[in-house]
Amino acid sequence: MGSEYAIEAEDLRRTYRARTGWLRPRRTEVEAVRGVSFTVGRGELFGLLGPNGAGKTTTIKLLNTLLIPTSGMARVCGHDVEKETREVRRRIGYVFGGDRGLYDRLSALDNLRYFAELYGVAPRDQKRRIAELLDLVGLAGREGERVEGYSRGMRQRLHIARGLLHAPDVLFLDEPSIGVDPVAARELRRTVADLASTGTTVLLTTHYMAEADELCDRIAVIADGQIQALGTPAELRRRADGRRVVEVEAYGVPESAVDAVRDLPGVRETAVEARGALQLLTVHSDAHVDVQSDVLRELAGIRLGRVDSREPTLEDAYVAIVSAS
Amino acid sequence: MTFPSLLASAVAPPLFSPPTPHRRRPHRRERLGMKTLRLMTVGGTIAYRALFNWTTPGMFIGTLLVGPLFQLLFFAYLGRQLQVADDRFYIVGNAVLTASLACVFGGTMAVANERRYGTLGHVLLSPRSRTAIFWGRVIPYAGNGLLIAVVTLTAGALLLGLRIPVSALPGLLLAMAAGSLACGFFGLTLGALGLRFRDVWVVSNVAVALLLLLTGVNVPAAGLPGWMVTVGNALPITHAAEAARRLAAGDGLAAAAPALGQELLVGAGYAAAAVILLKIFEVESRRRASLDAL
Ligand SMILES: Nc1ncnc2c1ncn2[C@@H]1O[C@H](COP(=O)(O)OP(=O)(O)OP(=O)(O)O)[C@@H](O)[C@H]1O
Ligand SMILES: [Mg+2]
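A quick note: this is a predicted structure, and the numbers were derived from the prediction, not measured.

A. Here's a closer look at the overall build of chain B. Scanning chain B for helices and strands turns up 11 helices and zero strands. Ordered by position from the N terminus, the helices and strands of chain B form the series α-α-α-α-α-α-α-α-α-α-α. Per-residue burial for chain B yields a buried fraction of 49% across its 294 residues. Residue pairs in contact within chain B that sit at least 24 positions apart in sequence constitute 79% of those at least 6 positions apart. Accessible surface computed for chain B: about 13,900 Å², of which carbon and sulfur atoms make up 69%.

B. How the structure looks around the packing of aromatic side chains. A full pass over the atoms with the stated rule returns 14 aromatic pairs over all chains. Residues B:F74 and B:F75 carry aromatic rings whose centres are separated by 5.0 Å and whose planes lie at 80° to one another, so their mutual orientation is edge-to-face. Classification of B:F75 by relative accessible area gives buried; the value is 15%. Note that A:K61 overlies the ring of A:F96, its terminal NZ or CZ placed 5.9 Å from the centroid. It is A:R303 that lies over the ring of A:Y251; its NZ or CZ is 4.0 Å from the centre.

C. Inspection of the interface of chain B and chain A at higher detail. Tallying the contact residues gives 46 residues for chain B and 43 residues for chain A. Note on chain B versus chain A: buried area summed over both sides is about 3,900 Å², and carbon and sulfur give 56% of it. Three residues, B:H122, B:L125 and B:R286, lead the burial of chain B against chain A; their summed loss comes to 22% of the area buried on that side. Remark: the boundary between chain B and chain A carries four salt bridges. For B:R38, the salt bridge is made with A:E117, and the minimal N-O distance between the two is 2.6 Å. Counting across the interface, chain B meets chain A through 21 residue pairs in polar contact (both at pLDDT 80 or more). Only α2 (28-51), α4 (87-117), α5 (120-124), α6 (130-160) and α11 (253-288) of chain B provide two or more residues apiece to the side of chain B that touches chain A.

D. Representation of the nonpolar core within the structure. Ranked by size, the top nonpolar core spans 159 residues in total, and within it A:I7, A:F38, A:Y103 and A:F172 carry the most contacts. Examining the composition of this core, we find that 16 residues originate from one element, α4(B), more than from any other. Excluding residues that lie within four positions of it along the chain, A:F172 makes contacts with A:I7, A:I60, A:L63, A:N64, A:V76, A:I92, A:G93, A:Y94, A:V95 and A:L203. Ranked by size, the runner-up nonpolar core spans 15 residues in total, among them A:V267, A:L281, A:V283 and A:V291.

E. Structural detail: the site of ligand 1. Close contacts around ligand 1 come from 15 residues, with A:G53, A:G55, A:K56, A:T57 and A:T58 the closest. Two or more chains meet at ligand 1, and those chains are chains A and B. The contact in question runs from an oxygen atom of ligand 1 to an N or O atom on the side chain of A:K56, over 2.7 Å. Between ligand 1 and A:T57 there is a distance of 2.6 Å, counted from an oxygen atom to a side-chain nitrogen or oxygen. Relative to its free-state accessible area of 630 Å², ligand 1 is covered by the protein chains to the extent of 69%. Sorting the residues of the shell around ligand 1 by element identifies β2 (26-41) and α1 (56-63) of chain A as the ones contributing at least two each. When grouped by side-chain class, the residues that make up the shell around ligand 1 number six nonpolar, six polar and three charged.

F. Inspection of the sheet that holds strand β1 (residues 5-20) of chain A at higher detail. Residues and elements named next belong to chain A. If you trace the four strands from one edge of the open sheet to the other, you get β2-β1-β4-β5, paired in antiparallel fashion. Edge strands, defined here as strands with exactly one partner in the open sheet, are β2 and β5 (79-80). In terms of strand pairing, β1 meets strand β4 (residues 71-76) through five bridges, oriented antiparallel. Residue pairing for β4: A9 is matched across the bridge by A74.

G. Quick look at the layout of surface pockets. The computed volume of the second largest pocket comes to approximately 940 Å³. The wall of the second largest pocket is formed by 24 residues, among which A:R17, A:A18, A:R19, B:R196 and B:R288 lie closest to the centre. The leading source of residues in the lining of the second largest pocket is β1(A), at six residues. Classifying every residue of the lining of the second largest pocket by side-chain character gives 10 nonpolar, five polar and nine charged.

H. Molecular detail of α6(B). Residues and elements named next belong to chain B. The first and last C-alpha atoms of α6 sit 45 Å apart over 31 residues, in line with the 45 Å expected at 1.5 Å per residue. The opening residue of α6, the one whose side-chain oxygen lies 3.2 Å from the backbone nitrogen of T131, is S129. In the segment just after α6, G161 is the residue with positive phi, at about 70°.

I. Quick peek at the sheet that holds strand β9 (residues 218-223) of chain A. Residues and elements named next belong to chain A. With mixed pairing, the six strands of this open sheet are ordered in space as β6-β7-β8-β3-β9-β10. The open sheet has two edge strands with one neighbour each: β6 (92-96) and β10 (226-231). Mean inter-strand twist for the sheet, computed between neighbouring axes without regard to direction, equals 15°. Strand direction decides the pairing type here: β9 and β10, joined by five bridges, are antiparallel. Across the sheet, I219 pairs through a bridge with G231, a residue of β10. Contacting β3 (45-49), β6, β7 (170-174), β8 (201-205) and β9, α1 crosses the sheet at an angle of about 155° to β7. Contacts from helix α6 (residues 182-197) reach β3, β7 and β8, with the element oriented near 130° to β3.

J. Just the pattern of salt bridges, in detail. All names here are of chain A. Scanning all chains against the criterion turns up 37 salt bridges over all chains. Its salt-bridge partner being E87, residue R91 comes within 3.1 Å of it at the nearest N-O pair. One end of the pair is R91 and the other is E87, both in helix α2 (residues 85-91) and four residues apart, which spans about a single turn. Between R129 and E132 there is a salt bridge, and its shortest N-O distance comes to 3.2 Å. Of this pair, R129 and E132 both sit in helix α4 (residues 123-136), three residues apart, which is roughly one turn of that helix. Residues R129 and E132 agree in their burial class; the two are buried. Several salt bridges converge on common partners, so that one network encompasses E247, E249, R306, D308, R310 and D316.

K. Inspection of the pairing of β1(A) at higher detail. Residue and element names in this part refer to chain A. Relative to β2, β1 runs antiparallel, the two sharing 13 bridges. Directly across from I7, in β2, lies its bridge partner V40. Joining the antiparallel neighbours β1 and β2 is a turn of five residues, in which G21 adopts a positive phi near 85°.

Criteria and cut-off values
Residues numbered from 1 in each chain as written. Chains lettered and ligands numbered in written order. Predicted model: local features only at pLDDT ≥ 70, side-chain atom pairs only at ≥ 80, totals over all residues. Heavy atoms only, no water. Helix = DSSP H or I, 4+ residues; strand = E, 2+ residues; numbered from the N terminus. Buried < 20%, exposed > 50% of the residue type's maximum accessible area, 1.4 Å probe, protein only. Contact = heavy atoms within 4.5 Å. Areas by Shrake-Rupley, 256 points an atom, 1.4 Å probe, with all protein chains shown as cover. Phe/Tyr/Trp six-rings, centres within 6.5 Å; stacked < 30°, edge-to-face > 60°. Lys NZ or Arg CZ within 6 Å of the ring centre and 35° of its normal. Buried area = accessible area lost by both parts, 1.4 Å probe. Salt bridge = Lys/Arg side-chain N within 4 Å of Asp/Glu carboxyl O. Polar contact = N/O pair within 3.5 Å; in protein donor to acceptor, adjacent residues only side chain to side chain. Core = buried A, V, L, I, M, F, W, Y, C linked by side-chain atoms within 4.5 Å. Near = heavy atom within 4 Å. Nonpolar A, V, L, I, M, F, W, Y, C, P; charged D, E, K, R; others polar. Pairing = 2+ DSSP bridges. 1 Å grid on protein atoms, 1.4 Å probe; cavity = no way out; pocket = protein on both sides within 12 Å on 5 of 7 lines; lining within 4 Å. Points joined across faces, edges and corners; volume = space filled by probe spheres on them. Expected span 1.5 Å × (residues − 1). Axes fitted to C-alpha atoms, helices over the stretch in contact; angles between N-to-C directions.

Next up, the structure:
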């Protein structure tokens, strides 16, 4: 039917214009998406990774008809997202991470009943379909309670159930596992994999690299509104080939020490991530240089925890791609 | 495993199965009509429970029944004092007007509260007719308004000793229903503005006050400047109140029919305006990304 691709994006661009201030209005422009092109095949599970503000959510909203592209073109199942909105909306589901987006005063059941109406689920199928989905997301038994009393993860599960109500051909999952506990996240991954294996096309964004690595057939890494790398997880991992990674847990690393590490010969990238009281220092170096002793020398006098030297993972490849952009 | 359960599991549909076909396939247009009707009624009712803030018994009785009744009594006694018009003028007019609070605020909530819950995007992702979705939401509010008007009229008439001919009751019900429906669409039009402007509640508050002044319910139209009468003629309630007064006076349905027709016309006008505004603001929201920016 129509196109061989489930999703096609061609040089998509989106600029946000905002006016701030009332007496003296100032115009600000944000180029959130700057020329994104990719295709997703039918039944493919495609990941969109990138730092906060990279333009992932904006790209999804361009594809799911909530936003109009400033320029460029996109099609979902062969239908233009700007003009054939009804055709596109019939075929897509959208799950958006977060606490909001549900009717707090209604029960989960009534939320699903309402959206089943809105999304055109045939009346005689609604009851069965809703029961199946409540079961699938593990809310069966709690469906009569008002959503205002739901925990964050329960809300997220309800979001997922809603996105699946009309068994969409193309499913957009924007950080679906946010706030979901590890066991439920694993079930969610299995559900997503099942959906893809039964022919649903999935476009997934996530900040969990392991999730992307496990699920996605292909991944696009997006930063500053542009695709920086695109390929299978294995292909992306190879981006970090020829590298070695040293990880150091430390307590109270001054900026000057980080800079010193950065300037060491053989070091390619250095990132610091705060993890509660400790900081995790990740140093990428050329594989043939052993920088571990140099790094530890620069950190002399600082209380250190675990020190580890290892092969790069998808996450390291991601860090390499993003910091090179 | 017993035989029936084996049979049941054998025919259990898989999770992502297509819907089973109907035995007699009704005409396509007929099915579409039924589906739209269902979206309006079932959908409208759920949306009412989701979005109307005043459904708790306390809020409902206090805000929508007791408050308006005292307003009716206030104007009736003021009218007696000033001897501008008789009891019937105030009681019938104010009873029709009491529907406006639930309808105007309800209609506004039906759109503007979507923002509060962050659900608007998910509603707009529906492939179904905006007209059916949002008109359907007006129906429960109009019913609500009608109920309130009936209760206030009954209570007011009993308390102040107003006699209404029994033969006038069906017509009165019709007039109050027309007023409530027109008022609901008026509220939906204001609610549509909520897609574009953050502070739409200001507009609703002003609108309720304007209805009190301009519909001729408490100040006879003859006592208002010409431009106010003109504005009043374009507002809901004005013509419904006039029709209701004629009916309560025993003039009969024929005498009330022109005013009733005008009220329905005003209501249809707002119904169309609401749909047009919703359409414009939806398109604009896709261009300006204004849905979640507010
Ligand atoms: N409605 C809006 N109005 C103005 N600017 C916006 C709007 N929505 C997003 N932006 C801007 O566009 C850029 C991209 O945002 P977007 O939400 O697409 O990022 P993201 O990749 O989804 O990030 P995250 O990982 O944090 O979800 C950001 O700079 C953001 O500030
Ligand atoms: Mg995002």
